There are 2 protein chains.
Amino acid sequence: MAADRNLRMHHGVVARADRERLLGQRGCVVWLTGLSGAGKSTIARALEARLFALGRLCSVLDGDNLRHGLCADLGFDAAARSENIRRAAHTAALFVDLGAIVVTAFVSPFRADREAARDLLGADMIEVHVDAPLAACEQRDPKGLYKKARAGQLADFTGVDSPYEPPADPDIRLRSADRTVDECVEQLLALLRARGAVPTTEAR
Amino acid sequence: MAADRNLRMHHGVVARADRERLLGQRGCVVWLTGLSGAGKSTIARALEARLFALGRLCSVLDGDNLRHGLCADLGFDAAARSENIRRAAHTAALFVDLGAIVVTAFVSPFRADREAARDLLGADMIEVHVDAPLAACEQRDPKGLYKKARAGQLADFTGVDSPYEPPADPDIRLRSADRTVDECVEQLLALLRARGAVPTTEAR
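Reference entry: report on the structure contained in this document. Remember, it's a predicted structure, so these values are computed and weren't measured experimentally. Along each chain, the written sequence defines residue order, and numbers are assigned to residues from 1. Note on labels: chains are lettered from A, ligands numbered from 1, in written order. Reporting of local features is limited, given that this is a predicted model, to residues whose pLDDT is at least 70; pairs of side-chain atoms are given and counted only at 80 or more, and all residues count toward the totals for whole chains, interfaces and linings.

## Concerning the pairing of strand β1 (residues 28–33) of chain B
Two faces make up the sheet, and in a regular strand the side chains alternate between them.
All names here are of chain B.
Item 1. Counting other C-beta atoms within 10 Å of a residue's own tells you its class, since 20 or more makes it buried, 12 or fewer makes it exposed, and anything in between is partly exposed; those C-beta atoms are placed from the backbone. A run of H or I in DSSP becomes a helix once it reaches four residues, and a run of E becomes a strand once it reaches two; helices and strands are each numbered from the N terminus. The element β1 is largely enclosed, with a buried count of 6 among its 6 residues.
Item 2. Here β1 shows a buried face lined by Cys28, Val30 and Leu32 and a second buried face lined by Val29, Trp31 and Thr33.
Item 3. When DSSP finds two or more bridges between a pair of strands, those strands are recorded as paired. Looking at chain direction, β1 and strand β4 (residues 125–130) are connected through 5 bridges and run parallel. When the bridges of β4 are listed, tryptophan 31 appears paired with glutamate 127.

This is the structure in structure tokens:
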């Protein structure tokens, strides 16, 4: 990395700002919230790929990598789902301290849980409502979960027998049912640039 | 970063190897285990600073940043300490997937907990016994914890009324009572270079 030569340490302790300078970016959390099937994971992976192509370090946290590991001890009742989100937020905070851009893709249906994440992450959290109508999500049903929930095989399923509390004032709202994945990614990238998380000077 | 221009994505999915190429390093976990007062945190921070000076991305996980956040819900009995180590290992695994070099600084006194971490992390884990005699640690007692434990104000304190199970076959043993911090750091750096986690070609 070309920037290395100018790096300086402060009294032997490496700070977040040092790592951000090393990486050429600012750590932050792109917090995607929305119904199952709204496209959160797809958008998260596409944003990760887009950022990587720009030479930025990005990490996706979602059910796939938390539920089988850090949160493997948790179930799916309301308390366990809150704890899952609490741990996701704290893990995201550790990544931000590293200077990484984190994209979280959890339904995170409860306002209180997202507010707790905001209390922890402050201005480092960009709340994104991946906002697709329930009917559209249920029609897509990429994992067949709505079908199971309607058949009574899944309890506490958001949108079916558990509420989704939409963000009142998200940093950005993605109408994912009416936009391509690429369009959603470009909206997020523009916001990341506006917030100074990603340099605006890159060519691609 | 100069290397950016040659980056390629595989089918739009960013893999660990891609991030490692971006960072110019290999993700791994330097797992420091040893008695309280043996110098784990000091060595961890010094290694972090040394790696940063080489332009490498490194993160320290220790009680300071886990116990107040991700593991704030845990106490200090045997089950809670095991769960603390389990979460530390899973968090470290997420960092390794990002391509980071993680230094963990936990007493981690129980062999079974460290073996569980090894089962998860495999060859990405470098087990380091920060091996100072109990008498030396107790004499240093940087946080006054031995004094409290001897006075009966701290239960289950490793080395006092809870056992420390030393690694039978650590990747490296640091005789921290007989070595300077810098000497310990250079031993670790040599190992990281030998393992290919850090390039060997750097000038400093």
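## Observations regarding the sheet that holds β4 of chain B
Residues and elements named next belong to chain B.
Item 1. Strand order in the open sheet formed by 5 strands is β2-β3-β1-β4-β5, with parallel pairing between adjacent strands. Since the sheet does not close on itself, it has two edges, and those belong to β2 (58–62) and β5 (172–174), each with one partner. On average, adjacent strands in this sheet sit at an angle of 20° to one another, irrespective of strand direction.
Item 2. The pairing of β4 with β5 spans 3 bridges and is classified as parallel. Axes here refer to lines fitted to C-alpha atoms; in helices the fit is confined to the stretch in contact. Angles between the N-to-C directions go from 0 to 180 degrees.

## Thoughts on the nonpolar core
Item 1. Counting 108 residues, the largest nonpolar core has Val30 of chain A together with Val30 of chain B as its most contacted members.
Item 2. Note on contacts: residues are paired as contacts if their backbone-placed C-beta atoms lie within 7 Å. Setting aside residues up to four positions removed in sequence, valine 30 of chain A forms contacts with Leu47, Ile101, Val102, Val103, Ile126, Val128 and Leu188 of chain A. By convention in this section, buried Ala, Val, Leu, Ile, Met, Phe, Trp, Tyr and Cys residues joined through C-beta atoms within 7 Å make up a nonpolar core.

## A word on the sheet that holds strand β1 (residues 28–33) of chain A
Residue and element names in this part refer to chain A.
Item 1. Taken in spatial order, the 5 strands line up as β2-β3-β1-β4-β5 in an open sheet, and their pairing is parallel. The strands lining the two open edges of the sheet, one partner per strand, are β2 (58–62) and β5 (172–174). Across the sheet, the mean angle from the axis of one strand to that of its neighbour is 20°, orientation sign disregarded.
Item 2. Sheet topology places β2 next to strand β3 (residues 101–105); 5 bridges connect them, and they run parallel. Its bridge partner being in β3, valine 60 is matched across the sheet by valine 103.

## Things to note about helix α2 (residues 40–53) of chain A
Note on helix geometry: an α-helix contains 3.6 residues per turn, so any two residues three or four positions apart are oriented the same way.
Residues and elements named next belong to chain A.
Item 1. Between the first and last residue of a helix there are one fewer steps than residues, each counted as 1.5 Å, and that sum is the expected span. The end-to-end C-alpha distance of α2, which contains 14 residues, comes to 20 Å, matching closely the 20 Å that a straight helix rising 1.5 Å per residue would cover.
Item 2. Counted residue by residue, α2 has 10 buried out of 14 residues, so it is predominantly covered.
Item 3. Lys40, Ser41, Ile43, Ala44, Ala46, Leu47, Glu48, Arg50, Leu51 and Phe52 are the residues of α2 that are buried.
Item 4. Backbone geometry just after α2 places glycine 55 at a positive phi near 80°.

So yeah, pure geometry; function would need other evidence.
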